[in-house]
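# Working through the structure, step by step
Residues per chain, in single letters:
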Amino acid sequence: MTYNDLASAVEDLKEKGVSNIYSDPEFGSNLQEQREFVKSLEIETTYRFDRGTNPADDSTLYVVKKADGTLRYIIHTMGTQADRDKSKLIDLLMKSQSKT
């Protein structure tokens, strides 16, 4: 499926029962727990949204699958608005994905 914008994608995923990774009770409350959780995930689908020439307007939506088959999503924004901890988690997710 393709989406015109991030908001439409998130709304559709929510309607399908896919929730934000941060709402998952297994995600953990500190960065170390979150890193361990992310290592067990598999990227199901990636959607990139480019809203023009400003990199701060770019974002990527990752739909990830847990070992039990449950889907979650995580949004990664680019530019100066990027959350450094989230960026580290995305890097870890990408590295663990490339090992499989």
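As a starting point, this report considers the structure included with it. (Residues numbered from 1 in each chain as written. Predicted model: local features only at pLDDT ≥ 70, side-chain atom pairs only at ≥ 80, totals over all residues. Heavy atoms only, no water.)

## Comments concerning the packing of aromatic side chains
Under the defined criterion, the tally for this structure stands at three aromatic pairs. Geometrically, the ring pair formed by tyrosine 22 and phenylalanine 27 is edge-to-face, given 4.8 Å between the ring centres and 80 degrees between the ring planes. Owing to a relative accessible area of 39%, tyrosine 22 belongs among the partly exposed residues under this scheme. Among the residues examined, phenylalanine 27 registers a relative accessible area of 1% and is labelled buried. An angle of 90 degrees between the planes, with centres 5.8 Å apart, marks the rings of phenylalanine 27 and phenylalanine 37 as edge-to-face. Here phenylalanine 27, found in the loop between strand S1 (19-20) and helix H2 (31-39), pairs with phenylalanine 37, found in helix H2; they are 10 residues apart in sequence, far enough to count as distant. On the basis of relative accessible area, phenylalanine 37 is assigned to the buried category, the value being 5%. Taken together, the ring pairs connect Tyr22, Phe27 and Phe37 into an aromatic cluster. (Phe/Tyr/Trp six-rings, centres within 6.5 Å; stacked < 30°, edge-to-face > 60°. Buried < 20%, exposed > 50% of the residue type's maximum accessible area, 1.4 Å probe, protein only. Helix = DSSP H or I, 4+ residues; strand = E, 2+ residues; numbered from the N terminus.)

## Quick notes on the environment of arginine 72
Examined against the element boundaries, arginine 72 turns out to sit in strand S4 (residues 71-77). Considering only alpha carbons, one finds arginine 72 and aspartate 24, 48 residues apart in sequence, at a separation of 8.0 Å. With sequence-adjacent residues up to four places away left out, arginine 72 is seen in contact with Val18, Ser19, Asn20, Ile21, Asp24, Tyr62, Val63, Val64 and Lys66. At 2.8 Å, the side chain of arginine 72 and the side chain of aspartate 24 are in polar contact. (Contact = heavy atoms within 4.5 Å. Polar contact = N/O pair within 3.5 Å; in protein donor to acceptor, adjacent residues only side chain to side chain.)

## Quick notes on the nonpolar core
The biggest cluster of nonpolar side chains holds 12 residues, and these are Ile21, Phe27, Phe37, Val38, Leu41, Ile43, Tyr62, Val64, Ile74, Leu89, Ile90 and Leu93. Taken together, the elements giving at least two residues each to this core come down to H2, strand S3 (59-65) and helix H3 (84-98). By residue number, the principal contributor to this core is H3, which donates three residues. Non-local contacts of isoleucine 74, meaning those with residues more than four positions away in its chain, are made with Ile21, Tyr22, Thr60, Leu61, Tyr62, Lys86 and Ile90. One finds Val10, Leu13, Leu61 and Val63 within the second-largest nonpolar core, a separate group that totals 10 residues. (Core = buried A, V, L, I, M, F, W, Y, C linked by side-chain atoms within 4.5 Å.)

## Considering helix H1 (residues 6-15)
Listed in full, the buried residues belonging to H1 are Ala9, Val10, Asp12 and Leu13. One side of H1 holds all its buried residues, which, seen down the axis, span an arc of 165 degrees. Exposed residues lying more than 90 degrees from the buried face of H1 are Ala7 and Glu15. Looking at the buried side of H1, the elements it contacts are strand S2 (42-49), S3 and S4. If you check the start of H1, you find a side-chain oxygen 3.3 Å away from the backbone N of alanine 7, and it comes from aspartate 5. Immediately downstream of H1, the backbone of glycine 17 shows phi near 90 degrees, a positive value. (Arc of directions from axis to C-beta.)

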